[in-house]
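Results of the structural survey
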Amino acid sequence: LFTDGQTETKDKKKNPDLPDSQLPVYAQSIKNQTAALELIRGEGITLCGVYLNEEDVDPTNNEVLRMVRIANGYNENATEDQVGDRFIHVKKATSLSDAYQRFFTLVSGTGAKPFEKEKEFRIPGAGIKEVNICISIQESSIKECKKALENLKVTISRPGFNEYTSKEMAEIMHRGSTYVIYKISAPEAGLWNVTVNSKKAKVSSNILFTPTVRPEISYSVDPDDIRIDEPFSVMATLIKDGSALTEEKDYQEYSCTFWVQNAQTLDRWPVELLYHSSEKAYTGELYVQEYGQYYVYSEFTCGDSIRMTTPVQYWNIFNHLPTVPENHTVPISIGLFSKGTAQIDLKSLVHDREDVPEDITVTLDMGQYPEGAYTRDGDTLTIDGLIGGSGQKESFLQNLFIKYC
């Protein structure tokens, strides 16, 4: 979302001091925004807000930051650092190329950390079809940026210290007013090196990778069925053209980590996954110790340069309420001194996903039954004085309220 962070409508500009209820166009715009954010969050879409404004960010009132928090499930007080690259503030035009690099990294799921003068990076044998080496000049004006670009010297070395010639560099170079990009197609696997000499000019350099694969994660249980302290398996694979890679050589240069982040505290911890040839995937065992809300994703890395992540998933792990049938029929027995007696084991009715019946508390509200019409011995409930003949059944739960917790 590229925006200056201001919702402006004619009625709001004309009457800025009126309450929103008296500004129908503005109110409808905010309503549309709220519906869009709910849809984005419900579909699991990542919203990245690029805030184009010279003003500093007010963390309590910035509309873009607020939308990023809501759409991505952060708490209402999450800071810029906590939401990371999901919020990018661009104060001036010369910073747009840097914002593009960060945004590309977010969308493609790959990218190295920015550097200034020199960087080594490794290309694995599978998964990368293009490398973009982006060098952005960080001067105060376009004129100064252009001048710095004229004096910029860049060298790129392929595996085996095979340096690009000046002619080869010119063939892969794309120059703008404030940046230069070197595009390398079908890069050779192995260790590469790039150096940047900008003399006195300040630069920000980054390496962006265009992958041919994407990571995918699966679990031995549905995330909605995860239970506390019960282990389950995690499996991560690389997908190309709709199918998982199956050759061990395609994975051997990658490491894989499964990340879990607490949605409230934003604390996170890694679970290292190991490659298993029998599964043809990275696998590991995981269990959740506490109820709560979590963000999870898997991350494939090659050295410190290439990073590919799965989309962030949201887990809401909670203790489900016990369930009981709406009605339950029991046979009525007629005795010599009784008009009719029904007996039921209270714990036999209840079903609970997490707890065993012994851990469940049962309370009763007899509703329409008169006082003294029932007795309870532990979990056995006896109701006496029902009207009916021998062998008949009485649907009594419609008048009997049982609470389980």
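Let me sum up the structure you'll find in this document. The structure presented is a predicted model; accordingly, all values stated were derived computationally and were not measured.

Structural notes on the sheet that holds strand β10 (residues 190–197)
- Strand order in the open sheet formed by four strands is β4-β10-β6-β7, with antiparallel pairing between adjacent strands. At either end of the open sheet lies a strand with only one pairing partner, and these are β4 (118–123) and β7 (162–163).
- One ladder, built from five bridges, connects strand β6 (residues 153–158) with β10; its direction is antiparallel. Residue pairing across strands places Val 154 opposite Val 196, the latter belonging to β10.

As for the environment of Ile 217
- Tracing the sequence through the fold places Ile 217 in strand β12 (residues 214–219).
- Along the backbone, Ile 217 and Val 234 are 17 residues apart, and their C-alpha atoms lie at a distance of 7.1 Å.
- Ignoring sequence-local partners within four residues, the contact set of Ile 217 consists of Val 234, Met 235, Ala 236, Phe 258, Ser 298, Thr 310 and Gln 313.

Quick word on unusual backbone geometry
- Positive phi, close to 45 degrees, is recorded for Ala 186, a residue that is not glycine.
- Along the polypeptide, Ala 186 turns up in the loop between β9 (179–185) and β10.
- Of note in the backbone geometry, Asp 229 takes a positive phi value of approximately 65 degrees without being a glycine.
- Mapped onto the elements, Asp 229 comes out in the loop between β12 and β13 (232–240).
- Judged by its relative accessible area of 48%, Asp 229 falls in the partly exposed class.

What counts, and at which threshold
Throughout this document, residue positions are counted from 1 along each chain, in the order its sequence is written. Note on the predicted model: pLDDT of at least 70 is required for a residue's local features to be given, and 80 or more for side-chain atom pairs to be given and counted; whole-chain, interface and lining totals, by contrast, use all residues. Water and hydrogen atoms play no part in the side-chain values, which are based on all heavy atoms of the structure. For two strands to pair, DSSP has to find at least two bridges joining them. Helix and strand definitions here come from DSSP, where helices need a minimum of 4 consecutive H or I residues and strands a minimum of 2 consecutive E residues; each element is numbered from the N-terminal end. The contact definition used throughout considers only heavy atoms, calling two residues in contact when any of these lie within 4.5 Å. Buried means the residue's accessible area, taken with a 1.4 Å probe over protein chains only, is under 20% of the maximum for its type, while exposed means over 50%, and partly exposed covers the values in between.

Purely spatial values, then, with no claim about function.
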